[in-house]
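Analysis of the macromolecular model
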Amino acid sequence: MSTQSMSFNLRVWRQDGPQAPGRLVDYKVVDISPEMSFLEMLDELNVQLIRRGERPVEFDSDCREGICGMCGLVITGVAHGPLPATTTCTLRMRHFQDGQTIEVEPFRAAAFPIVRDLVVDRSALDRIIQAGGFVSQNAGSAPDGNAVPVPKDDAENAMDAAACIGCGACVAACPNASAFLFTSAKVSQLAYLPQGRPEARRRVAGMVRQMDLEGFGNCTNHGECEAVCPKEVSIQHIARMRKEYWKAILG
Amino acid sequence: MNTFVSFYWSTVGRKFWTALTGICLVGFVIVHLVGNLTLFLGNQAMNDYAYFLETALHGGLRPFGELALLVLFGGHAFTALSATLQNRRGRIQAYAVSRPAGGRSHQTLSSRTMAVTGLILLTFLVLHVAQFRFGVGFEWHVTAESAGTAHPVRDVYRTVVEAFHTPLWMGIYLFVMVLLGYHLRHGIWSAFQTLGTITTPLRRTLFILGAVLAVLLALGFLVLPIYVFSMVDPAGPFQSVPSALGGAR
Ligand code: HEM
Ligand code: FES
């Protein structure tokens, strides 16, 4: 374990409430261990702020092990920070330079209103799921293994899509604030499997409709979403969702 | 369900039309370039080609083709720009600091400037059609005889030569053709991604092939004005009556 300690110049977005104006505020943090996660470093900042009698910086987190999708910050201009395939909670301070200036902003999208500081309301994503991202037919008890054959490629693709933790980094990184990658992952994970087929049309039509109602942008294939996705969900699923959509609307 | 409305107004539907019209336009641009290469064969070949376009299918090709192009260009620009506006509403407050993540991203300068290059192309298109199709400012004709009567036929070759000997026009063309290359650098692969399920290896290949085709098309269109501009004898043997009308061969 390294004993060296690091210090950083933080520029953190502070905003009192949804309607309040916000701005980047400078803070210095010292004695940061390189093994700390980004969120632990922010915890240190908050200890310092609380001691000074100031309001701590609010940010979201839950599992802190990269599986729940609750955390999410734009760090030095990149959603979840500069390391690929990483959530904010699993990003370590050793990936930054000692003394570096680090900008920290919330995920920004019209459909993600800021609650306070770095906390945004991502319930728009939940409403997309509610619009069809589930299987509602009674599938009975668990079938025997191999009773329902699934080709290996389909199983792999469904699993890759199902890796999505719904953090919203794809929206945050997209120049158009589009939720195509999220929605397509949730469409694909079911569309590839036999259990998902009966409701496939209703599902994709409903989810796309809800996605549009929430005010997310359109997809112009920048592919920036895939680059920041902590689970490396591929834009291949976006192409798949489009195809499912044609089938649903025209078929 | 109001199928066709949602097929257009949904984000997914709108993008489909942008891509479909975009691909058709790429096809048109390729044909257009090949046709223009008749310029290298000289005045007679070019005017013959122009005359062919005017008269093919008993004169039916041109109105039909022009209508199709109007729909394609109009539909493409409308769906693309309305999506651009939709996208701008997607994020009201910009990031203070934002940079591309690199890595697996397909984001390029080209992908970020599609609406800008598109708008410039649209503006250029108006000038281009006025100039070369309707001959505004370049009213050269040759007199041809057909069915016993003399009537004027546009001298397209001369129009092109005169235009590209004007440094201003020459500059505008060079600039816009570079932008066309930029537009297509993202546009070509993007249209494939929009129109079909593309597996990751195929997508990566198309991302490169799209760039190659974009460069080739831009180069093709750049070579023409440069060639004309550098011609030793710009005046050339004008008066090239289409051979179909008894012109020299
Ligand atoms: C020379 C003619 C043109 C060709 C060959 C062309 C081609 C394309 C193609 C293939 C696409 C990709 C479609 C997709 O990704 O789904 C595209 C997108 C686009 N085009 Fe064009 N285009 C042309 C002219 C224009 C014009 C005149 C405009 C605007 C007035 C325009 C604006 C756009 C925009 C905004 C996009 C969307 C950006 C994106 O999808 O990333 N284009 N174009
Ligand atoms: S806190 Fe759960 S993924 Fe980061």
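Given the structure is predicted, the values throughout are model-derived calculations rather than measurements.

**As for the site of ligand 1**
Neighbouring ligand 1 are 27 residues; Lys15(B), His76(B), His183(B), Ser190(B) and Thr194(B) lie closest to it. More than a single chain frames ligand 1: its nearby residues are located in chains A and B. One of the backbone nitrogen or oxygen atoms of Thr220(A) is found 3.4 Å away from an oxygen atom of ligand 1. Between His183(B) and ligand 1, the recorded distance is 2.8 Å, taken from a side-chain N or O atom to a nitrogen atom.

**As for the interface of chain A and chain B**
Listed per partner, the contact involves 52 residues of chain A and 48 residues of chain B. At the boundary of chain A with chain B, total buried surface from both sides reaches about 4,000 Å², with 53% on carbon and sulfur atoms. Summed over the shared surface of chain A and chain B, the number is four salt bridges. The partner of Arg104(B) in a salt bridge is Glu232(A), and the shortest N-O contact between them spans 3.4 Å. The interface formed by chain A and chain B contains 31 residue pairs in polar contact (both at pLDDT 80 or more). Within the residue set of the side of chain A that touches chain B, elements represented by two or more residues are strand E5 (101–105), helix H4 (169–173), helix H6 (200–213), helix H7 (224–228) and helix H8 (236–250) of chain A. The greatest single-element share of the side of chain A that touches chain B, amounting to 10 residues, is contributed by H8(A).

**A short note on the pairing of E5(A)**
All names here are of chain A. Within E5, four of the five residues are buried, which leaves it mostly tucked inside the rest of the structure. As defined by bridge partners, strand E1 (residues 6–15) adjoins E5 across four bridges and the pair is classed as parallel. For Val12, the partnering residue across the bridge sits in E5 and is Val104. By the bridge criterion, two bridges tie strand E3 (residues 74–75) to E5 in an arrangement that is antiparallel. Its bridge partner being in E5, Val74 is matched across the sheet by Glu105.

**Things to note about the layout of surface pockets**
A volume near 230 Å³ is recorded for the second largest pocket. As for the second largest pocket, its lining consists of 15 residues, of which Ala109(A), Ala110(A), Ile114(A), Ile92(B) and Gln93(B) are closest to the centre. A class-by-class count of the residues in the lining of the second largest pocket yields 10 nonpolar, three polar and two charged.

**As for the coordination of the iron atom of ligand 1**
Residue and element names in this part refer to chain B. Only His76 (NE2) and His183 (NE2) from the protein reach the iron atom of ligand 1 as donors, at distances of 2.0 Å. Coordination at the iron atom of ligand 1 is octahedral, judged from the six donor atoms that bind it and the angles of 86 to 179 degrees they form at the metal. Linking His76 in helix H4 (residues 61–90) with His183 in helix H8 (residues 167–195), this pair joins segments that are 107 residues apart in sequence. Taken as a pair, His76 and His183 share a single burial class, namely buried.

**Here's the deal with helix H7 (residues 156–164) of chain B**
Most of H7(B) sits out of view: seven of its nine residues are buried. Taken residue by residue, H7(B) has Val156(B), Tyr157(B), Thr159(B), Val160(B), Val161(B), Ala163(B) and Phe164(B) as its buried positions.

**Points about the domain arrangement of chain A**
All names here are of chain A. Segmentation of chain A into domains returns domain 1 (6–105) and domain 2 (122–135 + 150–250). Look at where the C-alpha atoms of domain 1 and domain 2 centre, and you get two points 29 Å apart. Summing both sides of the interface, domain 1 and domain 2 together bury roughly 850 Å²; the carbon and sulfur share of this comes to 56%. Area buried by domain 1 at its contact with domain 2 is led by Gly69, Ala79 and Ala85, which between them contribute 44% of it. The partner of Arg122 in a salt bridge is Asp60, with the nearest N and O atoms 3.5 Å apart. Counting across the domain 1 and domain 2 interface gives three residue pairs in polar contact (both at pLDDT 80 or more).

Reading the values: the criteria
Every chain's residues receive numbers from 1 upward, in the order its sequence appears when written. By the order in which they are written, chains take letters starting at A while ligands take numbers starting at 1. Totals for whole chains, interfaces and linings use all residues, but because this is a predicted model, local features are given only for residues with pLDDT of at least 70 and pairs of side-chain atoms are given and counted only at 80 or more. Side-chain metrics in this entry use all non-hydrogen atoms of the structure; hydrogen atoms and water are not considered. Residues are counted as near a molecule or strand when any one of their heavy atoms sits within 4 Å of it. Polar contact is the term for a pair of N or O atoms within 3.5 Å; when the atoms are in protein, one must be able to donate a hydrogen and the other to accept it, and sequence-neighboring residues count only if both atoms are side-chain atoms. The contact criterion used throughout is that any non-hydrogen atoms of two residues lie within 4.5 Å. Defined here as a combined quantity, buried area equals the accessible surface (1.4 Å probe) lost by two parts on assembly, summed across both. One side-chain nitrogen of Lys or Arg within 4 Å of one carboxyl oxygen of Asp or Glu is enough to make a salt bridge. Each helix corresponds to a stretch of at least 4 residues labelled H or I by DSSP, and each strand to a stretch of at least 2 residues labelled E; elements are numbered beginning at the N terminus. In this scheme, a residue with accessible area under 20% of its type's maximum is buried, one over 50% is exposed, and one in between is partly exposed, where area comes from a 1.4 Å probe on protein chains only. Here the rule is simple: two strands pair whenever DSSP picks up at least two bridges between them. Lining residues are those with an atom within 4 Å of a point, where the points come from a 1 Å grid over the protein atoms alone and group into cavities, where a 1.4 Å probe fits but cannot get out, or pockets, open sets with protein on both sides within 12 Å along at least five of seven lines. Grid points are joined across faces, edges and corners, and a volume is the space filled by probe spheres set on the points. Under the scheme applied here, ten amino acids are nonpolar (Ala, Val, Leu, Ile, Met, Phe, Trp, Tyr, Cys and Pro), four are charged (Asp, Glu, Lys and Arg), and all others, including Gly, are polar. Think of the donor list as every N, O and S atom within 2.8 Å of the metal, or within 3.2 Å for Na, K and Ca; water never makes the list, so a site can look incomplete. Key to geometry: four donors with every angle between 85 and 135 degrees are tetrahedral; four donors are square planar and six octahedral where opposite donors lie over 155 degrees apart and all remaining angles lie between 65 and 115; all other sites are irregular. Where each domain starts and ends follows an automatic or database-derived domain assignment.

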